Amino acid sequence: MRTDFPHTRLRRHRAASAAIATAALVLAGLGTAVHADAASSTKVTWAATPCATPKKAGELACNSLRVTGGTTAFQKARGITPKAADATTPSGYGPSDLQSAYGLTSAAASNGSGQTIAIVDAYNDPNAEADLAKYRSYYGLPACTTANGCFKKVSQTGSTTSLPTSDAGWSEEMSLDLDMVSAIAPNAKILLVEAKSATMANLGKAVNEAVTLGAKFVSNSYGGSESSSDTSYDSSYFNHPGVAITVSAGDEGYGAEYPAASKYVTSVGGTALSKSSSSRGWTESVWNTSSTEGTGSGCSSYDAKPSWQTDTGCTKRMISDVSAVADPATGVSVYDSYGVTAGWYTFGGTSASAPIIAAVYALAGTPGSSDYPAKYPYAHPSALNDVTSGTNGSCSTSYFCTATSGYDGPTGWGTPEGVTAFTG
């Protein structure tokens with residue numbers, strides 16, 4: 001077991017920079033972070049979800065943030081009056097927006113049947129299936145239920161009845177993950193595996209259980225500080241050839257996290273996504289709110305560099321591989337009801353980008369049985385949207401924290417443009 005606390009670095013700036021009363025608001029999901037959208041001076045406000053502040057020593061943090069006010073990019077594009085915090089109507093991007101942005105409209109309609117995408121999170125969301133039904137019904141997606149064999153929820157041991165303690169913060173994370181998988185791959189089956197706590201040991205066992213139950217695509221939206229134990233966690237939990245395992249890069253700005261640093265996973269960075277007049281119809285830049293909030297990236301201190309990663313500035317594993325939308329100001333629509341007012345919320349964080357990429361892998365087809373699918377985008381860089389603007393902090397080697405043509409840390413090789421970059 002790891003003896004240091006993997007969450008020590010996570011969210012530390014919130015405690016250091018806020019008064020006790022403000023910190024209490026943050027823990028309650030009432031945030032103070034603001035972002036001035038590039039297209040307007042209207043500010044969007046958000047907070048880290050409660051699971052982004054681990055409540056127990058040794059737990060990892062989820063990488064999600066919930067919008068609490070302002071006018072999101074989705075609303076601006078449609079001239080919608082600000083209602084980002086009232087929960088009555090969606091204020092973030094929906095399935096058609098995301099499919100359009102990433103060239104997936106055709107694939108989402110025709111691919112994914114027979115595939116199982118697993119989502120690994122901690123604790124239990126008692127409303128997971130009901131909330132998922134609300135999201136899918138609203139957007140006209142096929143029903144995905146236990147009854148029709150599309151949805152299954154289990155514990156880290158595979159039990160469908162003996163589930164972990166329910167937790168409102170992690171339930172927000174689960175709603176985000178379930179909805180993003182649904183938005184991108186609506187024909188796929190979904191397996192939700194709930195770890196009994198947010199330690200690496202329990203989350204890792206949940207990853208193993210997802211693979212045991214047949215999932216070829218596993219999304220993980222959590223992380224913590226690196227440690228010398230990570231290489232043992234690699235072999236114990238993440239070394240699954242033939243399975244596309246995605247992990248969010250983190251929401252603390254520049255700096256490496258684990259398990260995004262595992263050489264066996266696809267590490268997923270985050271972007272700001274907005275409509276544009278370009279031929280694509282969308283534009284993206286590195287997600288960065290401040291020096292302590294934005295997509296993670298960086299050179300691992302412990303994990304070896306995989307053979308398919310060839311950047312020369314980092315002798316070990318480099319984060320990230322690819323990216324997708326994560327900026328809360330350009331965030332995604334989610335339906336959630338456990339521990340909050342039941343309704344629609346807009347979320348961001350790399351917890352959004354990781355399940356999006358897992359679902360893209362599912363649309364692309366089953367990975368080769370001996371492959372580590374993280375290598376696929378490296379063989380098809382021209383089949384991605386190259387993100388060339390923005391930075392997530394200060395670094396001594398420019399591409400570690402600054403977008404550039406080709407590969408860079410914050411966005412990897414870029415964002416999906418169809419499924420070609422996610423095939424062997």
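Before any of the text, the structure's been laid out above.
Residues numbered from 1 in each chain as written. Predicted model: local features only at pLDDT ≥ 70, side-chain atom pairs only at ≥ 80, totals over all residues. Heavy atoms only, no water.

A. Geometry of the overall build of the chain. In terms of regular secondary structure, the chain is built from 11 helices and 21 strands. Relative to its 424 residues, the chain shows a buried fraction of 61%. A sequence separation of at least 24 residues applies to 74% of the contacts in the chain between residues at least 6 apart. When the accessible surface of the chain is summed, it comes to about 14,000 Å², and 52% of that surface belongs to carbon and sulfur atoms. (Helix = DSSP H or I, 4+ residues; strand = E, 2+ residues; numbered from the N terminus. Buried < 20%, exposed > 50% of the residue type's maximum accessible area, 1.4 Å probe, protein only. Contact = heavy atoms within 4.5 Å. Areas by Shrake-Rupley, 256 points an atom, 1.4 Å probe, with all protein chains shown as cover.)

B. Representation of the nonpolar core. One finds Leu98 and Phe238 to be the most contacted residues of the largest nonpolar core, which totals 104 residues. Excluding residues that lie within four positions of it along the chain, Leu98 makes contacts with Tyr93, Met180, Ala183, Ile184, Leu273, Val325, Val332 and Ile356. If you look at the next biggest cluster of nonpolar residues, it comprises eight residues, including Trp308, Met318, Tyr378 and Tyr407. (Core = buried A, V, L, I, M, F, W, Y, C linked by side-chain atoms within 4.5 Å.)

C. Main features of the state of the cysteines. For the structure shown, the criterion picks out four disulfides. Note that Cys51 is cross-linked by a disulfide to Cys62, the S-S spacing being 2.0 Å. Looking along the S-S bond of the Cys51-Cys62 disulfide, the torsion reads about 90 degrees, which is the right-handed sense. Linking Cys51 in the loop between strand E2 (43-48) and strand E3 (61-62) with Cys62 in strand E3, this pair joins segments that are 11 residues apart in sequence. On the basis of relative accessible area, Cys62 is assigned to the buried category, the value being 0%. Note that Cys299 is cross-linked by a disulfide to Cys314, the S-S spacing being 2.1 Å. Between Cys299 and Cys314, the disulfide has an S-S torsion of 80 degrees and is therefore right-handed. Taken together, the positions of Cys299 in strand E15 (residues 298-304) and Cys314 in the loop between E15 and strand E16 (316-319) put the pair 15 residues apart, joining distant regions of the chain. Residue Cys314 is classed as buried on the basis of its relative accessible area of 1%. Across the chain, the disulfide pattern expressed with sequentially numbered bonded cysteines is 1-2, 3-4, 5-6, 7-8. (Disulfide = S-S within 2.5 Å.)

D. The packing of aromatic side chains, seen in detail. By the definition in use, this model includes 19 aromatic pairs. Measuring from centroid to centroid gives 5.1 Å for Tyr361 and Phe422, while their planes differ by 85 degrees, and the two rings are edge-to-face. Placement of Tyr361 in helix H10 (residues 350-364) and of Phe422 in the segment after strand E21 (415-416) is noted, with a sequence separation of 61 residues between them. By the burial criterion, Tyr361 is buried, and Phe422 matches it. (Phe/Tyr/Trp six-rings, centres within 6.5 Å; stacked < 30°, edge-to-face > 60°.)

E. View of the side chain of Arg66. Relative to the assigned elements, Arg66 resides in strand E4 (residues 65-69). Taking relative accessible area as the criterion, Arg66 reaches 10% and is therefore assigned buried. There is a polar contact of 3.1 Å between the side chain of Arg66 and the side chain of Glu172. (Polar contact = N/O pair within 3.5 Å; in protein donor to acceptor, adjacent residues only side chain to side chain.)

F. The packing of helix H8 (residues 200-212) against helix H9 (residues 230-238), seen in detail. Between H8 and H9, the shortest axis-to-axis distance is 8 Å and the interhelical angle comes to 35 degrees. Contacts between H8 and H9 involve Met200, Ala201, Gly204, Lys205, Val207 and Asn208 from the former and Tyr233, Ser236, Tyr237 and Phe238 from the latter. Broken down by class, the residue content of the contact of H8 with H9 amounts to six nonpolar, three polar and one charged. (Axes fitted to C-alpha atoms, helices over the stretch in contact; angles between N-to-C directions. Nonpolar A, V, L, I, M, F, W, Y, C, P; charged D, E, K, R; others polar.)

G. Up close: H9. Every buried residue of H9 is accounted for by Asp230, Tyr233, Asp234, Tyr237 and Phe238. Take H9 and look down its axis: the buried residues cluster within an arc of 110 degrees, on one side only. Summarising the contacts, the buried residues of H9 are in contact with H8, strand E9 (222-223), strand E10 (244-248) and E15. (Arc of directions from axis to C-beta.)

H. The arrangement of unusual backbone geometry in detail. Residue Pro259 follows Tyr258 across a cis peptide bond; omega there is 15 degrees. Going from Ile319 to Ser320, the amide bond is cis rather than trans, its omega being 20 degrees. Structurally, Ser320 is set in the loop between E16 and strand E17 (322-325). Residues other than glycine seldom take positive phi values, yet Tyr123 does so here, at roughly 65 degrees. Relative to the helices and strands, Tyr123 resides in the loop between strand E5 (116-122) and helix H6 (128-138).

I. How the structure looks around the packing of H6 against helix H7 (residues 168-184). Orientation of H6 relative to H7, taken along the N-to-C sense of each, is 40 degrees, at an axis distance of 10 Å. On the basis of the axis angle, H6 is oblique to H7. Between H6 and H7 lies a crossing of right-handed hand. In this structure, H6 uses Ala128, Asp131, Leu132, Tyr135 and Arg136 to contact H7, whose residues at the interface are Ser175, Leu178, Asp179, Met180, Ser182 and Ala183. Here the residues of the contact of H6 with H7 sort into six nonpolar, two polar and three charged. (Parallel < 35°, antiparallel > 145°, perpendicular 65-115°, else oblique. Left-handed = near helix turned anticlockwise from the far one by under 90°.)

J. Spotlight on the side chain of Ser351. Here Ser351 is to be found in helix H10. Within the structure, Ser351 has its side chain in polar contact with the backbone oxygen of Asn63 (distance 2.8 Å). Each residue touching Ser351, except ones within four places of it in the same chain, is listed here: Cys62, Asn63, Ser64, Glu173, Leu176, Asp177, Ser221 and Ser248.

K. Main features of the environment of Met174. Position of Met174 relative to the elements: it lies in helix H7. With relative accessibility at 0%, the residue Met174 sits in the buried group. The spacing of Met174 and Glu194 is 20 residues in sequence and 9.4 Å in space, taken between C-alpha atoms. Not counting residues within four places of it along the chain, the set of residues in contact with Met174 comprises Asp121, Ala122, Tyr123, Asn124, Asp125, Leu192 and Glu194.

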